[in-house]
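# Topology and contacts: notes
What follows is the residue order along each chain.
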Amino acid sequence: MGRQPAVYVVRHGETEWSAAGKHTSYSDIPLTPNGEQAARFAGEVLARLRGTDEPPSLVLSSPRQRAVRTAQLAGLRPEVTEHLAEWNYGEYEGVTTTEIRRTVPDWNVWTHGSLGGESVAEVGARADAVLARAREALSDGDVVLAGHGHFGRVLAARWVDLPVAAGAHLGLAPASWTVLGYERENPQLIHVNVPPWSLR
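Residues numbered from 1 in each chain as written. Predicted model: local features only at pLDDT ≥ 70, side-chain atom pairs only at ≥ 80, totals over all residues. Heavy atoms only, no water.

The next subject is the environment of Glu 54. With respect to the helices and strands, Glu 54 occurs in the loop between helix 2 (33-50) and strand 2 (58-61). Taking the C-alpha atoms as reference, Glu 54 lies 8.3 Å from Gly 141; in sequence the two are 87 residues apart. (Helix = DSSP H or I, 4+ residues; strand = E, 2+ residues; numbered from the N terminus.)

Put into structure tokens, the structure is as follows:
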């Protein structure tokens, strides 16, 4: 049996805001030097995970520079699409969870959504649309999606038909990979949160 194509999801490398725990969706924050180095290593990890020199059939990236730059440093040439943008945090943009909970006790994005931003249902529908396109492209080879932490975890949850809130139980650290595939006809999380340092 030949090699089965898969969907490779990478979170962007570290930014100053991600390192500080600030919610970052539409703000266009650049990678830190550490983030750039991790993105380069992520490219090496991707090559090992894929185990082939064949180019992916589809490479998509969020339009935010932190995602595009991560893809580029990993050796990819992505098509940019707003559909891969991070969960829109609305009024919580640039704010940490600790700060939000001063006014909304027990808040978390997985159950509450974001004030003035995307709801749980809206982000789930967007993820489903991305995955529909990815599944279609799998007939021609691997798919690579370069994006963000929360939205990447939503993609993984929805791949295996779990609710959006199940993403809370999946990790996706900066410049790390999650691999979505199949066992026969069953969607499967093949790898979760593979760090860029795994080959160092």
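Once you've had a look at it, read on.
Among the residues of helix 3 (residues 65-73), Arg 66, Ala 67, Val 68, Thr 70, Ala 71 and Leu 73 are the ones counted as buried. Along its buried surface, helix 3 packs onto strand 1 (7-11), helix 2, strand 2, strand 3 (79-80) and strand 4 (143-147). (Buried < 20%, exposed > 50% of the residue type's maximum accessible area, 1.4 Å probe, protein only. Contact = heavy atoms within 4.5 Å.)

Ranked by size, the top nonpolar core spans 29 residues in total, and within it Val 7, Trp 87, Val 143, Leu 145 and Leu 155 carry the most contacts. When contributions to this core are tallied by element, the ones reaching two or more residues are strand 1, strand 2, helix 5 (109-112), helix 6 (120-137), strand 4 and helix 7 (149-159). Broken down by element, this core gets its largest block of residues, 6 residues, from helix 6. Once you skip the residues sitting within four places of it in the chain, Leu 155 turns out to touch Val 9, Leu 84, Ala 127, Val 130, Leu 131, Leu 145 and Leu 180. In this structure, Ala 71, Val 144, Ala 175 and Trp 177 belong to the second largest nonpolar core, which totals 17 residues. (Core = buried A, V, L, I, M, F, W, Y, C linked by side-chain atoms within 4.5 Å.)

Right, let's get into the sheet that holds strand 2. Read across the sheet, 6 strands follow the order 3-2-4-1-5-6 without closing on themselves; strand pairing throughout is mixed. The strands lining the two open edges of the sheet, one partner per strand, are strand 3 and strand 6 (186-194). Packed on one face of the sheet, helix 3 meets strand 1, strand 2, strand 3 and strand 4 and runs near 140 degrees to strand 4. Its contacts with the sheet put helix 7 on strand 1, strand 4, strand 5 (177-183) and strand 6, and the angle it makes with strand 5 is roughly 10 degrees. (Pairing = 2+ DSSP bridges. Axes fitted to C-alpha atoms, helices over the stretch in contact; angles between N-to-C directions.)

Summed over all chains, the structure comprises 4 aromatic pairs. Ring plane angle 70 degrees and centroid distance 5.2 Å describe the contact between Tyr 92 and Trp 107, whose orientation is recorded as edge-to-face. Within this pair, whereas Tyr 92 is found in the loop between strand 3 and helix 4 (97-100), its partner Trp 107 is found in the loop between helix 4 and helix 5, the two being separated by 15 residues in sequence. Side by side, Tyr 92 and Trp 107 carry an identical accessibility label, which is buried. Sitting over the ring of Phe 151, Arg 126 keeps its end group 4.3 Å from the ring centre. (Phe/Tyr/Trp six-rings, centres within 6.5 Å; stacked < 30°, edge-to-face > 60°. Lys NZ or Arg CZ within 6 Å of the ring centre and 35° of its normal.)

What follows concerns the layout of surface pockets. To find leftover empty space, one rolls a probe the size of a water molecule over the atoms. Of the voids in this model, the largest pocket is the one considered here, and its volume is about 260 Å³. As for the largest pocket, its lining consists of 16 residues, and the residues nearest its centre are Arg 11, Lys 22, Glu 86, Tyr 89 and His 150. The element contributing the most residues to the lining of the largest pocket is helix 7, with 3 residues. Residue classes in the lining of the largest pocket are distributed as 2 nonpolar, 9 polar and 5 charged. (1 Å grid on protein atoms, 1.4 Å probe; cavity = no way out; pocket = protein on both sides within 12 Å on 5 of 7 lines; lining within 4 Å. Points joined across faces, edges and corners; volume = space filled by probe spheres on them. Nonpolar A, V, L, I, M, F, W, Y, C, P; charged D, E, K, R; others polar.)

Take the pattern of salt bridges next. Across all of its chains, the model carries 6 salt bridges by this definition. Its salt-bridge partner being Arg 133, residue Glu 79 comes within 3.0 Å of it at the nearest N-O pair. Here the residue Glu 79 occupies a position in strand 3, and Arg 133 occupies one in helix 6, the gap between them amounting to 54 residues. Looking at Glu 79, the relative accessible area reads 38%, which means it is partly exposed. (Salt bridge = Lys/Arg side-chain N within 4 Å of Asp/Glu carboxyl O.)

A few words on the side chain of Thr 178. As for its position among the elements, Thr 178 is in strand 5. According to the relative accessible area criterion, Thr 178 is buried, its value standing at 4%. A distance of 3.1 Å separates a polar side-chain atom of Thr 178 from the backbone nitrogen of Asn 193. Setting aside chain neighbours within four positions, we find Thr 178 in contact with Val 7, Tyr 8, Val 9, Ala 156, Gly 171, Leu 172, His 191, Val 192 and Asn 193. (Polar contact = N/O pair within 3.5 Å; in protein donor to acceptor, adjacent residues only side chain to side chain.)

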